[in-house]
Amino acid sequence: MTVVAMRPALAGAMAAGALLLGLCLVAIGALAGRAGTAPDAMSVLADPTVWRIVRFTLWQAVLSTLLSVGLAIPVAIAFHRLADGWLRRAALALFALPLALPQIVAVLGIVALYGEQGVVRALAERAGLAAPSIYGLSGILIAHVFFNLPLAARILFGALAVMPAEYDRLAGQLGMGPVSRFRLVDWPIMRPAAASASALIFMLCVTSFAIVLILGGGPRATTLEVALYQALTFDFDIPRAVVLTLLQLAITITAVALFALAGGAVESGMTVAEADRRAPVVGARGLAGRVPLIVVLVAVVFVALPFIAIIAGGLVADLGRLFTQRSVLGAIGTSFGLGLLAALLAVLLAGLLCRGAVVLAARRRFSGAPGAWETILAQAPSLILVVPPIVIAAGWFIALRTVTDVYAAAPFMVVSVNAAMAMPFAARLMLPAMLAAEERHGRLCAHLGIGGLARARLVSWPVLRAPLIAASAFAFALSLGDLGVIALFGSEQVRTMPFLILQRMGAYRTDDAAGLALILMVMTMILMLAAEHFARRSAPGAPR
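This text gives an overview of the structure that appears in the document. (Residues numbered from 1 in each chain as written. Predicted model: local features only at pLDDT ≥ 70, side-chain atom pairs only at ≥ 80, totals over all residues. Heavy atoms only, no water.)

**Digging into the overall build of the protein**
Reasoning step 1: In terms of helices and strands, the protein carries 22 helices and zero strands.
Reasoning step 2: Here the C-alpha radius of gyration of the protein, 24 Å, is about what a compact globule of 544 residues would show, namely 24 Å.
Reasoning step 3: Along the first, second and third principal axes, the C-alpha set of the protein runs to 65 × 60 × 50 Å.
Reasoning step 4: Out of the 544 residues belonging to the protein, those deemed buried represent 53%.
Reasoning step 5: A fraction of 83% describes how many contacts in the protein between residues 6 or more apart in sequence connect residues 24 or more apart.
Reasoning step 6: Each charge sign in the protein was given a centre, from 39 positive and 24 negative side chains, and these centres are 9 Å apart. (Helix = DSSP H or I, 4+ residues; strand = E, 2+ residues; numbered from the N terminus. Rg over C-alpha atoms; globule rule 2.2 N^0.38 Å. Buried < 20%, exposed > 50% of the residue type's maximum accessible area, 1.4 Å probe, protein only. Contact = heavy atoms within 4.5 Å. Lys, Arg positive; Asp, Glu negative; His and termini not counted. Charge placed at Lys NZ, Arg CZ, Asp CG, Glu CD.)

**Overview of the packing of aromatic side chains**
Reasoning step 1: Scanning the model with the defined rule gives 10 aromatic pairs in all.
Reasoning step 2: Between the aromatic rings of Phe146 and Phe147, the centroid separation amounts to 5.2 Å while the plane-to-plane angle is 70°, which identifies the pairing as edge-to-face. Both residues of the pair, Phe146 and Phe147, belong to the buried class.
Reasoning step 3: Here the aromatic rings of Phe397 and Phe489 are separated by 5.6 Å at their centres, their planes lie at 70°, and the arrangement is edge-to-face. Taken as a pair, Phe397 in helix α17 (residues 389-400) and Phe489 in helix α20 (residues 484-489) lie far apart in primary sequence, 92 residues in all. Accessibility classification places Phe397 together with Phe489 in one group, the buried group.
Reasoning step 4: Taken together through their ring pairs, the aromatic side chains of Phe79, Phe95 and Phe157 make up a single cluster. (Phe/Tyr/Trp six-rings, centres within 6.5 Å; stacked < 30°, edge-to-face > 60°.)

**With respect to the pattern of salt bridges**
Reasoning step 1: By the definition in use, this model includes 10 salt bridges.
Reasoning step 2: Between Arg240 and Asp47 there is a salt bridge, with its nearest N and O atoms 3.2 Å apart. Linking Arg240 in helix α12 (residues 238-262) with Asp47 in the loop between α2 (41-45) and α3 (48-81), this pair joins segments that are 193 residues apart in sequence.
Reasoning step 3: Residue Arg321 is joined to Asp318 by a salt bridge in which the shortest nitrogen-to-oxygen separation is 3.8 Å.
Reasoning step 4: Of the residues examined, Asp318 reaches a relative accessible area of 42% and is grouped as partly exposed. (Salt bridge = Lys/Arg side-chain N within 4 Å of Asp/Glu carboxyl O.)

**Some details on the environment of Met505**
Reasoning step 1: Residue placement: Met505 occurs in helix α21 (residues 497-506).
Reasoning step 2: Once the C-alpha coordinates of Met505 and Ala11 are considered, the two residues, 494 residues apart in sequence, prove to be 47 Å apart.

**Points about a nonpolar patch on the surface**
Reasoning step 1: The grouping of Met14, Trp373 and Ile376 at the surface amounts to a nonpolar patch, some 330 Å² of accessible area in total.
Reasoning step 2: Relative to the helices and strands, Ile376 is located in helix α16 (residues 372-383).
Reasoning step 3: On the accessibility criterion, Ile376 (44% relative accessible area) is partly exposed. (Patch = residues over 30% accessible without salt bridge, like charges linked within 9 Å, V, L, I, M, F, W, Y side chains within 5 Å. Areas by Shrake-Rupley, 256 points an atom, 1.4 Å probe, with all protein chains shown as cover.)

**Overview of the packing of α17 against helix α18 (residues 410-448)**
To characterise two packed helices, one gives the angle between the axes of the helices and the distance between these axes.
Reasoning step 1: Running from N to C, α17 and α18 point in directions that differ by 150°, and their axes come no closer than 10 Å. For the element pair α17 / α18, the angle class is roughly antiparallel. In this structure, α17 crosses over α18, and the sense of that crossing is right-handed. Facing α17, whose interface residues are Pro389, Ile392, Trp396 and Leu400, α18 presents Met413, Val417 and Met421.
Reasoning step 2: Classifying every residue of the contact of α17 with α18 by side-chain character gives seven nonpolar, no polar and no charged. (Axes fitted to C-alpha atoms, helices over the stretch in contact; angles between N-to-C directions. Parallel < 35°, antiparallel > 145°, perpendicular 65-115°, else oblique. Left-handed = near helix turned anticlockwise from the far one by under 90°. Nonpolar A, V, L, I, M, F, W, Y, C, P; charged D, E, K, R; others polar.)

**Some thoughts on the side chain of Gln60**
Reasoning step 1: With respect to the helices and strands, the residue Gln60 is situated in helix α3.
Reasoning step 2: Once residues within four sequence positions are removed from consideration, Gln60 is found in contact with Leu137, Ile140, Leu141, His144, Cys205, Val206 and Thr223.

**Here's the deal with the environment of Leu448**
Reasoning step 1: With respect to the helices and strands, Leu448 occurs in helix α18.
Reasoning step 2: Here the alpha-carbon distance between Leu448 and Pro192, two residues 256 residues apart in the chain, equals 43 Å.

**Considering unusual backbone geometry**
Reasoning step 1: At Tyr508, a residue that is not glycine, the phi angle is positive and equals roughly 60°.
Reasoning step 2: When you line up the elements, Tyr508 lands in the loop between α21 and α22 (510-538).
Reasoning step 3: With relative accessibility at 73%, the residue Tyr508 sits in the exposed group.

**Re the nonpolar core**
Reasoning step 1: Core analysis: the biggest nonpolar cluster contains 189 residues, and Phe95, Leu101, Val105, Phe307, Ile392 and Phe489 have the highest contact counts within it.
Reasoning step 2: Here the element with the most residues in this core is α18; it accounts for 18 residues.
Reasoning step 3: Sequence-distant contacts of Phe489, that is, excluding residues within four places in its chain, are made with Ala393, Trp396, Phe397, Leu400, Val406, Tyr407, Ala410 and Met413. (Core = buried A, V, L, I, M, F, W, Y, C linked by side-chain atoms within 4.5 Å.)

**A short note on the side chain of Arg88**
Reasoning step 1: By the element assignment, Arg88 lies in helix α4 (residues 86-96).
Reasoning step 2: Looking at Arg88, the relative accessible area reads 1%, which means it is buried.
Reasoning step 3: Only 3.5 Å separates the side chain of Arg88 from the backbone oxygen of Phe79, close enough to count as a polar contact. (Polar contact = N/O pair within 3.5 Å; in protein donor to acceptor, adjacent residues only side chain to side chain.)

**Focus: the state of the cysteines**
Reasoning step 1: For the structure shown, the criterion picks out zero disulfides.
Reasoning step 2: With no disulfide of its own, Cys24 lies 17 Å from the sulfur of Cys354, the closest cysteine sulfur.
Reasoning step 3: Since its relative accessible area comes to 9%, Cys24 is described here as buried.
Reasoning step 4: The buried category is assigned to Cys354, whose relative accessible area is 3%. (Disulfide = S-S within 2.5 Å.)

**As for the environment of Thr496**
Reasoning step 1: Position of Thr496 among the secondary structure elements: in the loop between α20 and α21.
Reasoning step 2: Sequence separation between Thr496 and Val414 is 82 residues; the distance between their C-alpha atoms is 9.9 Å.

Shape is all these values report; function is a separate question.
Structure representation (structure tokens):
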């Protein structure tokens, strides 16, 4: 690839990186500036309530990570042992759905199941069991495991799926028991994936917002993000908000650094579909041979029940009346408009950064170790996760309030922050396909003089169509369900579906909230299934 041909790609990558860096630096700069001049900053740090919030933030994240990954290990092994068929494929498809399900929607389903009037609680009381309250740490853990167990199981199953078939056959021929097989065969293969899954899930739980906001159950079960939201929206305590935000940022940076030293990579879990590969497994017979089926069915029931509860609760609501309300139609239109713009921007930014990494890989002819700039561009989309969205939103909220009406800037902030948060997932889908396309066709196109729109139409688009559509649909689904940014910037003039659901819940209009949750779930699930379909089509060896 010539230097002239490389310049536009590298310039585009640098421009995308500058936009992302500016988005974060303005927010952090505004926070740091207020922290340095606020006379009450030290008094906030001396408040024991703040450190209790920090401890609870870390404690619930650690417990959620241990439960999610610990329970996902037997589920992933059961998937690997289970014969390939409609059950395994359907279960894996189901396990992809919670990743894009809006947290506020899932919380409604979990409350319907495990709350005071929930079916699970009623069954537990009939059996003479004491069911804990859904509000507080127990409810937060249930919700986090619902979201993260399927994610961890898919990551771990992806590691087992590429294990050489000889390992399984040899373990069966040697008559290894379950413990020996796990210790000597499965765990060495799963360990790096488990570290990566733990890193990603810990970050997701540390930055969890809607779950803790609704299920927190008071000051003793509050995380930094929720305390920050309360400080800005209810108390308008800027010094307290600044300190809480900087503490949150310090925790996320430290967590990413520690997981990197331990061998975990946050970005490793940013995938939608795993290739449906199957290594022959020599399994046990009799009851022991049915254990994988039982484990998968129990996990499927756990994941499916909140979806069923959401559907049942939504159907009870007067959906016809909801669709006649201007506020509902406006929220649907706003969600679609902002979500579509965020998805397009996420794919554009991810594409520019990935293209820069691809041209640098092509310059070294895809051989040898990647250079520093190539590594930076390939990892740049994931670095945005170090700065949680609520931190960016809070920083811009504080910066904008001195120059303009912050609520008038809501559309721009929702689109930009949601695009930045969805971009790592889009890049994870697009980069492998772009590398493969360049390695396969790049030199031939250069030799034949094919470039520009002709190359994009004839060569790039057929290869990149599926991953681009998958990335767009997934980013769209994530943006539709976001509550963090709109919770700060939302108003009567700019309301998305999650924000409207939160308003209806606050007004104790639970039937309306359930109906709106069903509508939002259908919207996101259609997009998620489309992303799953096209991600499978873009997997290596998949039919085009």
